[in-house]
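What the coordinates show
In case you want the letters, here they are:
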Amino acid sequence: SRRPLPAMAEAGQASYGACEQPPQGSLPEAMDAETYREILETLPKLRGAGHPEKQLHDADTGDTHIYRAARFCGKLLRVIGDEGAHGRYTDAELKLRVDLAAGKASWYGDYLQDLWGWTRNCNPILALFFSHPLHPVSRAERIFITLLHSVFILMVSSLTPQARLCVQDGLLSCGAPGPSSSAERAWVCCVSHQVGLSWFIAKVPLHVGGTLYAVLVNTIFAQLMYQVGAGCFCMQDRRPVVRRFWELMGHLFMFAVLLAMVFPMVVWLRYDIRHGLLFPTIRDFIINKPAGVLGTTALQTLIFSCKWWSQRKDDASLESFEHFHVTAPDYQAFAAA
């Protein structure tokens, strides 16, 4: 059983400054829906007067036309997205999900614990196995995004050996093919120039321009698929039919991206096979795939660190009450009570 609430909380005042962390082994899980439920039930005592709970989005505002349109897709929409164990999220589950979608980084108020909580939900590999079941990006979506990453990296890797030859031959711009170049090769070199791959290969020393390019574009691509295609983060507190409608739009977007990548990938792979460049393509893919994961991991860690320090400042000033349903100070007061 928990100790009584600190005297400041009993008096109706915020008690976070006096919180004493319990032993590490007895800490409740900050990302657990049951913990959220218990904290939300005692939130008025934990926060005191003058710090009301953040409210969910007014579902009846601004969604009318989308809602009416989405009703016609009812059967399809019901299979899009998870609605909780009983077909609908509980209040605590929905608020936890919304906080995850809002980019909450400070859960415990401890950097390493919070870093693991962020990493297990955002790392392209670890999240496949350890992501939170209430996270807006489901396991199935993560598997599909991993497939998209692989196709994207293979597409870039299939173009890279050709771009190297273009750089070696000085074909660094678009124009009419030279006397020793076919129209197909001129097109390949033009594409390499337009997407910036030739520039990286020509300018980056130590022959790592192709890999660096793959890391950068894959990191951007991964964030686009994660944020726009799968996450649909800004719609998580809307009515279920509206949320699922936008999730469906995100899924269609990702599927369209997959189809758009298949054609150039097949064309460039066939070109590589005809010109004896298949082995360099496979080598580049083997190098670029883990390098892309490392690049995404580094970016996610940087994003987490910036968010965490910013949110800790908001926690100290109690401004985080306006951004999240349950804050690290709420959790600390609850754990210490």
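Residues numbered from 1 in each chain as written. Predicted model: local features only at pLDDT ≥ 70, side-chain atom pairs only at ≥ 80, totals over all residues. Heavy atoms only, no water.

1. A look at the state of the cysteines
Going through the model one piece at a time under the given rule, you end up with two disulfides. The disulfide that involves Cys166 links it to Cys189, with 1.9 Å between the sulfurs. Its torsion about the S-S bond being -80°, the disulfide of Cys166 and Cys189 is classed as left-handed. Of this pair, Cys166 sits in helix H9 (residues 139–168) while Cys189 sits in helix H10 (residues 183–194), placing them 23 residues apart in sequence. In this model, Cys174 is linked to Cys190 through a disulfide, with the two sulfur atoms separated by 1.9 Å. Note on the Cys174 and Cys190 pair: the S-S dihedral is about 90°, so by sign convention the disulfide is right-handed. Of this pair, Cys174 sits in the loop between H9 and H10 while Cys190 sits in helix H10, placing them 16 residues apart in sequence. Of the residues examined, Cys190 reaches a relative accessible area of 15% and is grouped as buried. Sequence-ordered numbering of the bonded cysteines in the protein yields a pairing of 1-3, 2-4. (Disulfide = S-S within 2.5 Å. Helix = DSSP H or I, 4+ residues; strand = E, 2+ residues; numbered from the N terminus. Buried < 20%, exposed > 50% of the residue type's maximum accessible area, 1.4 Å probe, protein only.)

2. Looking at the UniProt feature "transmembrane region" (unreviewed entry) in the protein
As recorded in UniProt, the sites labelled "transmembrane region" (unreviewed entry) are residues 212–236 and 248–271. Within residues 212–236, the helical portion is 80% and the strand portion 0%, while the C-alpha atoms at the span's ends are 35 Å from each other. The annotated region residues 248–271 carries 100% helix and 0% strand content, and the separation between its end C-alpha atoms amounts to 36 Å. (UniProt positions renumbered as here; feature names shortened; annotations may be inferred.)

3. Topic: the packing of helix H12 (residues 209–231) against helix H13 (residues 240–274)
Two elements in contact, H12 and H13, have axes whose closest approach is 7 Å; the angle formed by their N-to-C orientations is 145°. Counting all contacts with H12, which are made through Phe221, Leu224, Met225, Val228, Gly229 and Ala230, the residues of H13 involved are Gly250, His251, Phe253, Met254, Val257 and Met261. Residue classes in the contact of H12 with H13 are distributed as nine nonpolar, three polar and no charged. (Axes fitted to C-alpha atoms, helices over the stretch in contact; angles between N-to-C directions. Contact = heavy atoms within 4.5 Å. Nonpolar A, V, L, I, M, F, W, Y, C, P; charged D, E, K, R; others polar.)

4. Considerations on the nonpolar core
Judged by nonpolar contacts, the single largest core of 38 residues is most densely connected at Leu148, Phe152, Phe221, Met225 and Met261. Taken together, the elements giving at least two residues each to this core come down to helix H7 (111–122), H9, H10, helix H11 (197–203), H12, H13 and helix H14 (278–317). The greatest single-element share of this core, amounting to nine residues, is contributed by H9. Setting aside residues up to four positions removed in sequence, Met261 forms contacts with Leu148, Val151, Phe152, Met155 and Phe221. (Core = buried A, V, L, I, M, F, W, Y, C linked by side-chain atoms within 4.5 Å.)

5. Here's the deal with a nonpolar patch on the surface
Side chains of Trp116, Ile125, Phe129 and Phe130 sit close together on the surface and give an oily, nonpolar patch of about 430 Å² of accessible area. Within the secondary structure, Ile125 sits in the loop between H7 and helix H8 (127–130). (Patch = residues over 30% accessible without salt bridge, like charges linked within 9 Å, V, L, I, M, F, W, Y side chains within 5 Å. Areas by Shrake-Rupley, 256 points an atom, 1.4 Å probe, with all protein chains shown as cover. Salt bridge = Lys/Arg side-chain N within 4 Å of Asp/Glu carboxyl O.)

6. Comments concerning the pattern of salt bridges
The full count for this structure, using the stated rule, is nine salt bridges. Across the pair Glu41 and Arg37 runs a salt bridge, and its minimum N-O distance is 2.5 Å. Of the two residues, Glu41 and Arg37 are both situated in helix H2 (residues 33–41); the distance of four residues between them amounts to about one turn of the helix. According to the relative accessible area criterion, Glu41 is exposed, its value standing at 54%. Here the salt bridges do not stand alone but share partners, grouping Glu34, Arg37 and Glu41 into one network.

7. A closer look at H12
A rise of 1.5 Å per residue sets the reference length of H12, with its 23 residues, at 33 Å; its end C-alpha atoms lie 31 Å apart and thus fit the reference within 8%. Taken as a whole, H12 carries its principal kink of about 25° at Met225. (Expected span 1.5 Å × (residues − 1). Bend = angle between axes of the 7 residues up to and from the residue.)

8. Overview of the packing of aromatic side chains
If you walk through the whole model with that rule in mind, you get 11 aromatic pairs. Here the aromatic rings of Tyr36 and Trp107 are separated by 6.1 Å at their centres, their planes lie at 45°, and the arrangement is tilted. One end of the pair, Tyr36, is in helix H2; the other, Trp107, is in the loop between helix H6 (91–101) and H7, and 71 residues separate them in sequence. Judged by relative accessible area, Tyr36 falls into the buried class, the value being 1%. Look at Tyr108 and Tyr331: their rings are 5.2 Å apart centre to centre, the planes differ by 85°, and that puts the pair in the edge-to-face class. Here Tyr331 lies in helix H15 (residues 328–336) and Tyr108 lies in the loop between H6 and H7, a separation of 223 residues in the sequence. Aromatic ring contacts, followed pair by pair, group Tyr111, Trp118, Phe304, Trp308 and Trp309 into a single cluster. (Phe/Tyr/Trp six-rings, centres within 6.5 Å; stacked < 30°, edge-to-face > 60°.)

9. A few points about unusual backbone geometry
Positioned with a positive phi, Leu206 is a non-glycine residue whose angle comes to about 65°. You can see Leu206 is positioned in the loop between H11 and H12. Judged by its relative accessible area of 73%, Leu206 is exposed. Its identity is not glycine, yet Leu318 carries a phi of approximately 65°, on the positive side. Among the structural elements, Leu318 can be located in the loop between H14 and H15. The exposure class assigned to Leu318 is partly exposed, which follows from its relative accessible area of 22%.

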